[in-house]
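The residues making up each chain are set out below.
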Amino acid sequence: MEQALNQVSWFDLLPPPIQTVLSEQLMDTSGLEEIRLRVGQPIECVSHESSRLLGGREPKGLYLFNRTDANHLLNQLSRYSVYAYEEEIRQGFLTIAGGHRVGLSGKARIVDGQVQTLQDISSFNIRIAKHVELDTSKLYPYLYNQRWMQTVIVGSPGSGKTTLLRELARMASTGSNSLNISPKRTVIVDERSELAASIDGVPSFDLGRRIDVLDRCPKAEGMMMMIRSMNPDVLVVDEIGRAEDAEALNEATMAGVSVFCSVHGSSFSDVKKRPVMRSLFNDKVFDRILFLSTPRNRRQVSIYDHSQQLGVISI
Amino acid sequence: MNWFGASIVLVATTWAGWEWSNRLKQRPQQIRQLKTFLQALEAEVTFGLTPIDEACDKLAAQCDPPLSTFISDFSNRLKQGGYQAERAWEEALNELWTRTSLKKSEKEILTQFGQTLGVYGRTEQKKQIMLALTHLEREEAEARDELKRFEKLFRSLGLLTGLLLVLLLI
């Protein structure tokens, strides 16, 4: 869907010269995925398959992003308050209204061998959040039977794990009359701020009415905190992989909480190579394993339980 | 007629003397208010991690004019967007300077502080606030000293200058 440039939330944050260049030369924002700004370099617009430097063919005509622009942008992103966003800057990205994320790079300052903060920020990567419509209605009968089952989503990067996870979270917190699914208290532990894209602790995606989000908290610790404090029915986490994640996951399932999580991997054997995941599968922690794939540009989910395939649907 | 003119001169110079001594009196008070503002800002920055515009809105409500006008003026300029924080601060400061008894040295301290606003992490920002506070403390001591020494002097100087003028002119 095409959207006028001045209506998107990230446009206002850009320095005026960049705004001018973009509005003159960027006709179509539909496929736009990233806008990359680097000090001393022209603006790069990245869409699904191509990348282009704005400014036409003549190198002379290219506008170069400069230090003043960088300072302006950082000022706008941090609302003139770098101290308030120190932790976000240390982690290397800020989330802005609309769920867009801005990745940062510059000079890391190390104190006691740990990155304390980034200084002289010179590269910005505005990653534009797209809303992907998924038709997940056919999926729910496999995942819900009186209660939500322990579900893991497996897929390679870009296959839509996070989007699907977000969709499941919304479904769990909203419920559905027609599918006879009652709404549940749903908690998201959002370590990378990707699932809910919270701003000031409030999710910027519509995730239903019964959602609580713990933003930017390490997963394992966050899961334990939430189980103790928020009494969730459903717990949603992204990208598990470390030993302590598995431990927390075990703890959660033992406490009677339904867990939705995702993990990187292109196949079953791929995932099972990791000792943490292998032990989780061996212990039969998960009732449902969803494999995401994109044959011929169509999103497809294969649903498994411990032993066999239960079905394949496209979403 | 002579007497009428003389009384006008007397009233004018006496009033000027009072005004001067009033300014002397207001200066340490206003420095004190500034210090209170900076201390509150420090708490917002280090403990609240409140963005600067929000923090200023909060603090403007706790201060008296003309300081409160300055603070909300600054935050309004920031909210307009497109500004450098430093420039917004400076412009608001210039506005304030038409309405205050503060002196140039205080303005310099504040201008320098404005340049650090919002561009540092938490610890550095705190240090900058502390630095501005130390400078202001020195100015406050000086202003109090001046007040003690010159308050009565200025007041009587006004009246006496008036008398002198009257005597010379008659």
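Residues numbered from 1 in each chain as written. Chains lettered and ligands numbered in written order. Predicted model: local features only at pLDDT ≥ 70, side-chain atom pairs only at ≥ 80, totals over all residues. Heavy atoms only, no water.

(A) Quick look at helix H7 (residues 243–254) of chain A. Residue and element names in this part refer to chain A. The end-to-end C-alpha distance of H7, which contains 12 residues, comes to 17 Å, matching closely the 16 Å that a straight helix rising 1.5 Å per residue would cover. Regarding H7, the residues found buried are Asp-245, Ala-246, Ala-248, Leu-249, Ala-252 and Thr-253. Angularly, the buried residues of H7 cover 165° about the axis, an arc narrow enough to put them on a single face. H7 presents Glu-247 and Met-254 as exposed residues on the side facing more than 90 degrees away from its buried surface. Buried residues along H7 sit against helix H6 (219–230), strand S12 (234–237), strand S13 (258–264) and helix H9 (275–282). Positive phi shows up at Gly-256, right after H7, with a value of about 85°. (Helix = DSSP H or I, 4+ residues; strand = E, 2+ residues; numbered from the N terminus. Expected span 1.5 Å × (residues − 1). Buried < 20%, exposed > 50% of the residue type's maximum accessible area, 1.4 Å probe, protein only. Arc of directions from axis to C-beta. Contact = heavy atoms within 4.5 Å.)

(B) Fine view of the sheet that holds strand S16 (residues 309–314) of chain A. All names here are of chain A. Read from one edge to the other, the open sheet built from 8 strands follows the order S11-S10-S12-S13-S9-S14-S15-S16, with strand pairing classed as mixed. Here the strands that pair on one side only, and so sit at the sheet edges, are strand S11 (211–215) and S16. On average, each strand axis in the sheet is tilted by 20° relative to the strand beside it, whichever way the strands run. The pairing of strand S15 (residues 300–304) with S16 spans 5 bridges and is antiparallel. Paired with Gln-300 across the bridge in S16 is Ser-314. Lying over the sheet, helix H5 (residues 161–174) contacts strand S9 (151–155), strand S10 (186–190), S11, S12, S13 and strand S14 (288–293), oriented at roughly 175° with respect to S13. (Pairing = 2+ DSSP bridges. Axes fitted to C-alpha atoms, helices over the stretch in contact; angles between N-to-C directions.)

(C) Region of the structure containing the interface of chain A and chain B. Facing the 13 residues of chain A at the interface are 21 residues of chain B. Of the roughly 1,400 Å² buried where chain A meets chain B, counting both sides, 47% is carbon and sulfur surface. Broken down residue by residue, the surface that chain A buries against chain B is led by Arg-79, Tyr-80 and Tyr-83 of chain A, which jointly contribute 53%. At the boundary of chain A with chain B, the tally comes to 4 salt bridges. Notably, a salt bridge pairs Arg-109 of chain A with Glu-124 of chain B, separated by 2.9 Å at the nearest N-O pair. At the boundary of chain A and chain B, one finds 7 residue pairs in polar contact (both at pLDDT 80 or more). If one sorts the elements of the side of chain A that touches chain B by residue count, helix H2 (residues 67–77) of chain A sits on top with 4 residues. A per-class count over the side of chain A that touches chain B returns 5 nonpolar, 5 polar and 3 charged. (Buried area = accessible area lost by both parts, 1.4 Å probe. Salt bridge = Lys/Arg side-chain N within 4 Å of Asp/Glu carboxyl O. Polar contact = N/O pair within 3.5 Å; in protein donor to acceptor, adjacent residues only side chain to side chain. Nonpolar A, V, L, I, M, F, W, Y, C, P; charged D, E, K, R; others polar.)

(D) Quick peek at H9 of chain A. Residues and elements named next belong to chain A. Turning to H9, its buried residues are Val-276, Met-277, Leu-280 and Phe-281. End-on, the buried residues of H9 take up no more than an arc of 130°, which puts them together on one face. Looking at H9, the residues exposed on the side facing more than 90 degrees away from the buried face are Pro-275 and Asn-282. Buried-residue contacts for H9 involve S9, H7, S13, helix H8 (268–272) and S14. The first or second residue beyond H9 is Lys-284, which carries a positive phi of 55°.

(E) Geometry of the sheet that holds strand S1 (residues 32–38) of chain A. All names here are of chain A. Within the open sheet, the 6 strands sit side by side as S3-S2-S1-S6-S5-S4. Their pairing is antiparallel. Looking along the sheet, the strands with just one partner apiece sit at the ends: strand S3 (51–53) and strand S4 (93–96). Ignoring which end each strand starts from, the neighbouring axes of this sheet average 30° apart. As paired elements, strand S5 (residues 100–111) and strand S6 (residues 114–127) share 10 bridges and run antiparallel to each other. By the bridge assignment, Gly-103 is partnered in S6 with Asn-125. Against the sheet, H2 makes contact with S1, S4, S5 and S6, and its axis sits at roughly 100° relative to S6, the strand it touches most.

(F) How the structure looks around the packing of aromatic side chains. Tallied over the entire structure, the rule returns 12 aromatic pairs over all chains. Judged by centre distance (5.7 Å) and plane angle (75°), the rings of Trp-89 of chain B and Phe-113 of chain B are edge-to-face. Separated by 24 residues along the polypeptide, Trp-89 of chain B in helix H4 (residues 85–97) and Phe-113 of chain B in helix H5 (residues 104–116) bring together distant segments of the chain. Owing to a relative accessible area of 3%, Phe-113 of chain B belongs among the buried residues under this scheme. Clustering of aromatic rings is evident, with ring pairs tying together Tyr-140, Tyr-144, Trp-148 and Phe-260 of chain A. The aromatic ring of Phe-205 of chain A is capped on one face by Arg-166 of chain A, whose charged end is 4.0 Å from the ring centroid. (Phe/Tyr/Trp six-rings, centres within 6.5 Å; stacked < 30°, edge-to-face > 60°. Lys NZ or Arg CZ within 6 Å of the ring centre and 35° of its normal.)

(G) Looking closely at the nonpolar core. Grouped together as the largest cluster of nonpolar side chains are 69 residues, with contacts concentrated most on Trp-10, Leu-22, Ile-35, Leu-37 and Phe-124 of chain A together with Leu-41 of chain B. Tallying contributions element by element places H4 of chain B first for this core, with 7 residues. The contact partners of Ile-35 of chain A, leaving out residues within four places of it in the chain, are Trp-10, Leu-22, Ile-43, Glu-44, Cys-45, Phe-124, Asn-125, Ile-126 and Ile-128 of chain A. The next biggest cluster of nonpolar side chains, apart from the first, holds 31 residues, and it includes Ile-153, Leu-292, Ile-313 and Ile-315 of chain A. (Core = buried A, V, L, I, M, F, W, Y, C linked by side-chain atoms within 4.5 Å.)

(H) A look at the environment of Asn-180 of chain A. Residue and element names in this part refer to chain A. If you trace the backbone, Asn-180 turns up in the loop between H5 and S10. Overall, the relative accessible area of 66% leaves Asn-180 in the exposed class. Taking the C-alpha atoms as reference points, Asn-180 and Gln-146, separated by 34 residues in sequence, lie 9.0 Å from one another.

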